[in-house]
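The lines below spell out each chain.
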Amino acid sequence: PLILAGRNAHKAFLSAAALNNIEVEWIYPEDSEGLLSLDITPKKLKSYLENCKDKPVALYITSPDYLGNILDIKALSEVCKKHNILLLVDNAHGAYLRFLQPSRHPMDLGADICCDSAHKTLPVLTGGAYLHIAKAGFLADHAETAMSMFASTSPSYLILASLDAVIHQAESSIPVVISENNVTAQNDPIR
């Protein structure tokens, strides 16, 4: 299979592609960008998909990137769906996006698979992460088998408990509302 991927992908993606014999077509940054940040726009993606020789099965992106920039996941998802390819998002630095109002989490914006390194932006013990799969089917059916090949048979229950606890804490806290001009707590009396 061929996967289209931003060149700012994490080493884990490179290792997974090598171990699974996945061919990668790289999207490189523009001259004004560095390898840590990559602006993949819906227009660039659409142009690539309409002109590519070999159709990829998925687009793999990093958002937020290592500098905090967030791609237009909703628009990229729409392009992917139109071209019948999966959208895979490395959301390692964006687990908190789910708890904003409205949610800006990739799964809520149309991603098919997303990974969150919760320990990077939430109060979770180091190593705590989530893997989200959009719907049942081939991906979900094989995820457990694939995870069992690479994951430990002896997970840390402290890490698992911290993952559960942060969800409870975040869902029972005051949501943050984002508008074009400001960020406020939902029950902020100044609004």
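As a reminder, the structure under discussion sits directly above these lines.
Procedures and definitions
Residues numbered from 1 in each chain as written. Predicted model: local features only at pLDDT ≥ 70, side-chain atom pairs only at ≥ 80, totals over all residues. Heavy atoms only, no water. Helix = DSSP H or I, 4+ residues; strand = E, 2+ residues; numbered from the N terminus. Buried < 20%, exposed > 50% of the residue type's maximum accessible area, 1.4 Å probe, protein only. Contact = heavy atoms within 4.5 Å. Areas by Shrake-Rupley, 256 points an atom, 1.4 Å probe, with all protein chains shown as cover. Pairing = 2+ DSSP bridges. Axes fitted to C-alpha atoms, helices over the stretch in contact; angles between N-to-C directions. Salt bridge = Lys/Arg side-chain N within 4 Å of Asp/Glu carboxyl O. Phe/Tyr/Trp six-rings, centres within 6.5 Å; stacked < 30°, edge-to-face > 60°. Lys NZ or Arg CZ within 6 Å of the ring centre and 35° of its normal.

Caption draft 1: Quick look at the overall build of the protein chain. Looking only at helices and strands, the protein chain has 6 helices and 9 strands in total. When the 191 residues of the protein chain are sorted by exposure, 34% land in the buried category. For the protein chain, long-range pairs separated by at least 24 residues make up 57% of all intrachain contacts whose partners lie at least 6 apart in sequence. Here the protein chain has roughly 11700 Å² of accessible surface; of this, 56% comes from carbon and sulfur atoms.

Caption draft 2: Just the sheet that holds strand 2 (residues 23-27), in detail. The mixed open sheet is built from 6 strands, whose spatial order is 2-1-3-4-6-7. Strands at the two margins of the open sheet, each flanked by one partner only, are strand 2 and strand 7 (130-133). When the angles between neighbouring strand axes are averaged without regard to direction, this sheet yields 20°. In this structure, strand 1 (residues 2-6) lies alongside strand 3 (residues 58-62), joined through 3 bridges in parallel fashion. Opposite Ala5, over in strand 3, you have Tyr60 as the bridge partner. Packing against the sheet, helix 3 (residues 73-82) makes contact with strand 3 and strand 4 (86-90), and its axis sits at approximately 150° to strand 4.

Caption draft 3: Local environment of the pattern of salt bridges. Under the defined criterion, the tally for this structure stands at 3 salt bridges. Note that Lys46 is salt-bridged to Glu50, the shortest N-O span being 4.0 Å. Highlighted residues: Lys46 and Glu50, both in helix 2 (residues 42-51), separated by 4 residues, approximately one helical turn. The partner of Asp108 in a salt bridge is Arg98, with the nearest N and O atoms 3.6 Å apart. In this pair, Asp108 is assigned in the loop between strand 5 (100-101) and strand 6 (113-116) and Arg98 in the loop between strand 4 and strand 5, connecting sequence segments 10 residues apart. A relative accessible area of 39% means that Arg98 is categorised as partly exposed.

Caption draft 4: Looking closely at the packing of aromatic side chains. In total, this model carries 2 aromatic pairs according to the counting rule given. Taking 6.0 Å as the distance between ring centres and 80° as the angle between the ring planes, the aromatic pair formed by Phe13 and Trp26 counts as edge-to-face. A residue pair is termed long-range when its members are at least 10 positions apart, and Phe13 in helix 1 (residues 11-19) and Trp26 in strand 2 qualify at 13 residues. Residues Phe13 and Tyr60 carry aromatic rings whose centres are separated by 4.1 Å and whose planes lie at 20° to one another, so their mutual orientation is stacked. Taken together, the residues Phe13 in helix 1 and Tyr60 in strand 3 connect sequence positions 47 residues apart. For the pair formed by Phe13 and Tyr60, the shared burial category is buried. Residue placement shows Arg7 over the ring face of Trp26; its charged tip is 4.6 Å from the ring centre.

Purely spatial values, then, with no claim about function.
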